[in-house]
Amino acid sequence: MGLLAGWFIPLGLEGFGAERQMELLDWGCVAIDRGDQTVMISWRLLANDPEDIGFHVDRQESTGVWHRLTSSPLRTTTHWIDGDRTAPFPRIYRVTAVADGRELEPPTIVKVELGQKYLVIPLQTLPGHTPNDASVGDLDGDGRYEIVVKQEMRPRDNSQRGPTGETKLEAYTLDGKFLWRINLGPNIREGAHYTPFIVYDLDGDGRAEVVCRTADGTVDGVGHVIGSPSARYRDSQGLILTGPEYLTVFEGQTGRAVTTVPYVPLRGRVQDWGDDYGNRSDRFLACVAYLDGEHPSVVMCRGYYTRTVLAAWNYRHNRLQLLWVFDSDAGPESNRAYRGQGNHNLAVADVDGDGCDEIIYGACAIDHNGQGLYSTGLGHGDALHVTDIDPDRPGLEVFGIHERPSHPYGANLRDAATGKILWGLASPDVARGLALDIDPRHRGLECWAIGQGLQGLYNCRGECIAQRAPRSCNMGVWWDGDLLRELLSGTRIEKWVPETESTVTLLDASQYGCASNNGTKANPCLCADILGDWREEILWRTRDGGALYLFTTPEPTKYRFVTLMHDPVYRLAVAWQNVGYNQPAHPGFYLGEGMEPPKRPSIRLVKGQP
């Protein structure tokens, strides 16, 4: 590994002026019964849509004739509420874009049944399995997202000895059509820290690939076995500390393994990571980053309690090419400052304004060229939020927390570009932390954390604005019609009421048979802007594991934004949301009360060939 540290291939023209290659989506139209026989129809605004684009909404009558519901094209919102309770169900709607005075073809057609408050995606869950984290990508190039869901049997934390099952990755359309199943096999241990996976269009053909760590005995989506089908490396304690590891790119449409290479970062000698049972050596993270400012690369990571190693790869022309490796224990002496700074999660953003992405690896940041950007020395933590938390200062900020810190910044806000601490709160141990805009009286995101001695809600400048903070400290979701974010924990969406320092429940999906994942982390399978307007959808599994339910907001809004999935920072956050301890996706701009209209992203949309 020491030979690889600091080695990289020049990335070519970088930085300013580059347009990022991203997926071309359809308008993602969705319709639901709001519960009173009125219907919410919602669709996306795309980054390449004209500024003045409008939309008409029609409803098909029983005679087959289309009845226009909009008197003029909608130019300030991307939704419509059909308030006619007398129209029979099922109802069929048509959304047509209007630009330069003409209607664009083809229109989008969507159907809704009576009482259909959410979309049902039936799963072919195998006996003994439970759906867990999920991700989305356009696997077949038709502009519509498909879902990749992880199915687990007996997952364990790295600190726990004992047998586990064999993790599966399964792909489905939003209509519930089963596409393929990948079995990671007997030589990949099961658990949140062992099996991060990436769904993203890495080669720019308009179709997303699936990338993850594999081993001898992994079976791809068409039944081909990677490596030796008979090899078994589990020891008597259920640990896997020997045997080859691979990095595999799977074709998203079929699940077929396209290319497999030896996994980097290498395991090497387990003891070099700080223990002899793999708790530190087998902590894996993964992400996508635009290291040249234009094309996506996949970054696979290993270790964060002690030694920290990141490896960047390009996938082009069905081949993986290693770009660089950053190793805290090799290379220049300055790399040693990056030991023990990682989190159970990471984030990706262009924090220094050069047009290329950095990896915010907990309490440190790795530059796009594989060299350390900075290390704060604040140490390991469980939660991380990167966005424009304070819109009145330049650049992005990081809100993070730390386990058993030896400093007075158990929860803190720092400058994302330099690591400079802007303010902090002292605590001997912090378990949770969250940054969301939940109070309209204070511009910027509010921050709070759970830890010994911590109480209250803080504004983005570190001033305590409420004696009580929300009990929920897991995730957030843009759900209702305002610019504030709602609280998401377990199966509940809650609204913070600043005046009473309390919450009201907007939705509890448990009443529909849903359940959350990952124990006390209590996250859904996915929270992202999957369909409809700029607000987010939530994928929850059912308690019996037989389906995913996709919930979308029934509430109107007066705001119109480009889909968050065309914001580079947000889209990359959705790609890494399943990694380690799930965190909410944040955009690369301030989205909250008192915001300025966001700029159109500088991206180039790639159309796939279904």
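Quick notes on the rules
Residues numbered from 1 in each chain as written. Predicted model: local features only at pLDDT ≥ 70, side-chain atom pairs only at ≥ 80, totals over all residues. Heavy atoms only, no water. Buried < 20%, exposed > 50% of the residue type's maximum accessible area, 1.4 Å probe, protein only. Helix = DSSP H or I, 4+ residues; strand = E, 2+ residues; numbered from the N terminus. Pairing = 2+ DSSP bridges. Axes fitted to C-alpha atoms, helices over the stretch in contact; angles between N-to-C directions. Phe/Tyr/Trp six-rings, centres within 6.5 Å; stacked < 30°, edge-to-face > 60°. Lys NZ or Arg CZ within 6 Å of the ring centre and 35° of its normal. Domains from an automatic or database assignment. Contact = heavy atoms within 4.5 Å. Buried area = accessible area lost by both parts, 1.4 Å probe. Salt bridge = Lys/Arg side-chain N within 4 Å of Asp/Glu carboxyl O. Polar contact = N/O pair within 3.5 Å; in protein donor to acceptor, adjacent residues only side chain to side chain. Core = buried A, V, L, I, M, F, W, Y, C linked by side-chain atoms within 4.5 Å. 1 Å grid on protein atoms, 1.4 Å probe; cavity = no way out; pocket = protein on both sides within 12 Å on 5 of 7 lines; lining within 4 Å. Points joined across faces, edges and corners; volume = space filled by probe spheres on them. Nonpolar A, V, L, I, M, F, W, Y, C, P; charged D, E, K, R; others polar.

(A) Highlighting the pairing of strand β2 (residues 30–33). Burial along β2 is two-sided: V30 and I32 facing one way and A31 and D33 facing the other are all buried. In terms of strand pairing, β2 meets strand β3 (residues 39–42) through 4 bridges, oriented antiparallel. Within β3, the position partnered with V30 by the bridge is S42. In textbook terms, the turn of a hairpin is the stretch between consecutive antiparallel strands, and for β2 and β3 this stretch comprises 5 residues, one of which, G35, has a positive phi near 100 degrees.

(B) A look at the sheet that holds strand β18 (residues 257–262). An order of β15-β16-β17-β18 is seen for the 4 strands of this open sheet, with the pairing classed as antiparallel. Bordering the open sheet on either side are β15 (197–200) and β18, each of which pairs with just one other strand. Neighbouring strand axes in the sheet, compared pairwise and without regard to direction, differ in orientation by 20 degrees on average. Note: β15 against strand β16 (residues 209–215), 4 bridges, orientation antiparallel. Bridge pairing in β16 links Y200 to E209.

(C) Layout of the packing of aromatic side chains. What the rule picks out here adds up to 16 aromatic pairs. For the pair Y304 and Y305, a centre-to-centre distance of 5.3 Å together with 65 degrees between the ring planes defines the contact as edge-to-face. Since its relative accessible area comes to 25%, Y305 is described here as partly exposed. Pairing W534 with F561 gives two aromatic rings, centres 5.1 Å apart and planes at 65 degrees, and the pair type is edge-to-face. Of this pair, W534 sits in the loop between β40 (526–528) and β41 (537–542) while F561 sits in the loop between β42 (547–551) and α1 (568–576), and the two are 27 residues apart along the sequence. Judged on exposure class, the residue W534 and its partner F561 are both buried. Put simply, the rings of Y118, Y512, W540, Y549 and F551 pair up and form one aromatic cluster. One Lys or Arg, R161, reaches over the ring of Y277 and ends 4.4 Å from the middle of that ring. One Lys or Arg, K521, reaches over the ring of Y581 and ends 4.3 Å from the middle of that ring.

(D) View of the domain arrangement of the chain. Taken as a whole, the chain is organised into domain 1 (20–116) and domain 2 (129–261). In this complex, domain 1 contributes 7 residues to the contact, which on the side of domain 2 involves 9 residues. Of all residues in domain 1, Q21, E23 and D26 give up the largest surface area on contact with domain 2, accounting jointly for 61% of the area buried on that side. Here domain 1 is connected to domain 2 by 0 salt bridges. Connecting domain 1 to domain 2 are 2 residue pairs in polar contact (both at pLDDT 80 or more).

(E) Highlighting the nonpolar core. W313 and I359 are the most contacted members of the largest nonpolar core, which has 130 residues in total. For this core, the element with the most residues is α1, which contributes 7 residues. For this core, the domains that each give at least three residues are domain 1 (20–116) and domain 2 (129–261). Those residues in contact with I359 that sit more than four places away from it in its chain are C287, A289, L291, V299, L310, W324, L346, A347, C364, A365 and I366.

(F) Structural view of empty space enclosed by the protein. If you walk through the whole model with that rule in mind, you get 6 cavities of 30 Å³ or more. Estimates place the volume of the largest cavity at around 130 Å³. Around the largest cavity, the lining comprises 13 residues; the ones closest to its centre are R432, N474, K521, N582 and Q583. Across the lining of the largest cavity, the residue classes tally to 5 nonpolar, 5 polar and 3 charged.

(G) Layout of the sheet that holds strand β23 (residues 347–349). Read from one edge to the other, the open sheet built from 4 strands follows the order β23-β24-β25-β26, with strand pairing classed as antiparallel. Each end of this open sheet is capped by a strand with a single partner; those strands are β23 and β26 (372–375). Adjacent strand axes in the sheet meet at a mean angle of 20 degrees, parallel and antiparallel pairs treated alike.

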